[in-house]
Amino acid sequence: MADESAEGIQNGILGHLPPWPRKELNNSVIAMEQAYRQRKGLPLLTDADIECLKAGQPMPWEAGGAVSSAPAPAAPAPTTPPAAAVAPAAPVSALAAPGVGGNGNISEEVAKWVAQGKKWSKSAIAAEQARRNRKSLAALTEAEITALLGEPAAPAPAAAPAPVAGAVPVARPAAPVVTASAAASVARAGESTKYVGTPAVGTSKAAAAGGVAAVGPEDNEVNRARRRMVWASVGAFLTAWLVAFFRFFLPRTLFEPATSFKIGYPEEYGLGVDTKWQQKYRIWVDRTPDRMFVIYARCTHLGCTPDWKPSENKFKCPCHGSGYDSEGINFEGPAPRPMDRAHVEKAPDGQILVDVSKLYQWPKGQPSQFNDDGSFLSV
Ligand code: FES
């Protein structure tokens, strides 16, 4: 493929055009080249360039173009050309570049798509082929596929171009010599990249060696990044799933506050109700002239925590209005019985040891447990 910086390019951009010498180019190839230049922001071919390309002549700015700086449409018939020097003009169809025209011209529909400048993917072309197959339309030709893929047209074979009748013969660069082996490898390459019509998902190496092309996303940086992202997502999902799976086998521990605790020495409490442990242990310490006991701060109606009202010398439940006296005995509201009392005893160090897992009750109509051992401390 030609390179814009190739030697011999003086004032113009060759783009994807084959370098001189080349054969005549048809309108489809020229349209493709214009579309390519439009996409890339390159200078478009001028009318003079197009005329030269159609006539198989060097463009005005190309090496050798000096002899045909003006557009040279149909050349007049030669007066008396030497039979050996001038070859008869070949028909255009016979001179279509194999890599471009291929096995047919590009349809107007495809030319329009190409002119829009959008590059088709191989999967999109496969879908288009399938659609045409369903609609019983003519399949895309190789030339059309090449144009849609946005691939540059293959350069014309190295055979010497047929001189245009009447044109003055000029010295032109020697055409590259194509050896038989090189031609064979080119032919094999053409076969291996031949479009097979059906997406060959998971094409095997053997199929690839047999010339069946894999139709799939191109191996470029964008697609590699997409693949990495997909695999990272799959890996993250599997990792999370495995962690959850193994977490299932681990024991679950429920941390609850201790039910047995010390609340200090009896001398630290005066007569009456002490609420300093209400928030931490949900208890009140109650001291009378002859005993100490601990009331478990839970209403016996539905379990709310009553409030201590020192001005009224009673506990009042905010939920349904149950009232208890300073020793937790119910006297108003729906509470069915006095509030429970927690087990108390003296620890070896002399502190009061409370255990709320063991409660003493006074159920309605039944004997009271408030005088049982452990329900109070004598002071
Ligand atoms: S929960 Fe205390 S009165 Fe209803």
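Residues numbered from 1 in each chain as written. Predicted model: local features only at pLDDT ≥ 70, side-chain atom pairs only at ≥ 80, totals over all residues. Heavy atoms only, no water.

A. Geometry of the nonpolar core. Of all hydrophobic cores here, the largest spans 16 residues; its most connected members are Ile-263, Ile-283, Val-294, Ile-352 and Val-354. For this core, the elements supplying multiple residues, two or more each, are β3 (283–287), β4 (291–296), β9 (341–346) and β10 (352–360). Apart from residues lying up to four places away in sequence, Ile-352 is in contact with Phe-261, Lys-262, Ile-263, Gly-264, Tyr-265, Pro-266, Tyr-269, Met-292, Val-344, Glu-345 and Leu-377. (Core = buried A, V, L, I, M, F, W, Y, C linked by side-chain atoms within 4.5 Å. Buried < 20%, exposed > 50% of the residue type's maximum accessible area, 1.4 Å probe, protein only. Helix = DSSP H or I, 4+ residues; strand = E, 2+ residues; numbered from the N terminus. Contact = heavy atoms within 4.5 Å.)

B. A look at the packing of aromatic side chains. As enumerated under the stated definition, the model contains ten aromatic pairs in all. The interplanar angle of 80° and the centroid separation of 6.0 Å between the aromatic rings of Trp-362 and Phe-370 together place this pair among those described as edge-to-face. Residue class for Trp-362 comes out partly exposed when judged on its relative accessible area of 34%. We classify Phe-370 as buried; its relative accessible area is 4%. Ring pairs connect the aromatic residues Trp-241, Phe-245, Phe-246, Phe-248 and Phe-249, which therefore count as one cluster. Sitting over the ring of Tyr-296, Arg-282 keeps its end group 5.8 Å from the ring centre. Here the guanidinium or amino end of Arg-341 rests over the ring plane of Phe-293, the centre of that ring lying 3.8 Å away. (Phe/Tyr/Trp six-rings, centres within 6.5 Å; stacked < 30°, edge-to-face > 60°. Lys NZ or Arg CZ within 6 Å of the ring centre and 35° of its normal.)

C. Spotlight on the sheet that holds strand β6 (residues 314–316). Within the open sheet, the four strands sit side by side as β5-β6-β7-β8. Their pairing is antiparallel. For this open sheet the edge positions go to β5 (307–309) and β8 (330–332), each flanked by a neighbour on one side alone. This sheet shows a mean twist of 35° between the axes of neighbouring strands, independent of strand direction. The sheet contact formed by β5 and β6 spans three bridges and is antiparallel. (Pairing = 2+ DSSP bridges. Axes fitted to C-alpha atoms, helices over the stretch in contact; angles between N-to-C directions.)

D. Layout of the side chain of Gln-351. Here Gln-351 lies in the loop between β9 and β10. Given a relative accessible area of 18%, Gln-351 falls into the buried group. Polar contacts involving the side chain of Gln-351 include one to the side chain of Asp-349, which spans 3.0 Å. Other than its neighbours up to four places away in sequence, Gln-351 contacts Lys-262, Ile-263, Gly-264, Tyr-265, Glu-345 and Lys-346. (Polar contact = N/O pair within 3.5 Å; in protein donor to acceptor, adjacent residues only side chain to side chain.)

E. How the structure looks around the pairing of β4. Burial analysis of β4 places six of its six residues in the buried class, the great majority of the element. Residues of β4 alternate between two faces, with Arg-291, Phe-293 and Ile-295 on one and Met-292, Val-294 and Tyr-296 on the opposite face, all of them buried. Taken together, the five bridges between β3 and β4 define a ladder with antiparallel strand orientation. Each bridged residue has a counterpart across the sheet, and for Trp-284 the counterpart in β4 is Ile-295. A loop of three residues connects β3 with β4, the two strands running antiparallel in sequence. Where β4 and strand β11 (residues 377–378) come together, two bridges link them in antiparallel fashion. Bridge pairing links Arg-291 to Ser-378 in β11. Bridging between β4 and β9 involves two bridges; their strand directions are antiparallel. What sits directly across from Ile-295, in β9, is Arg-341.

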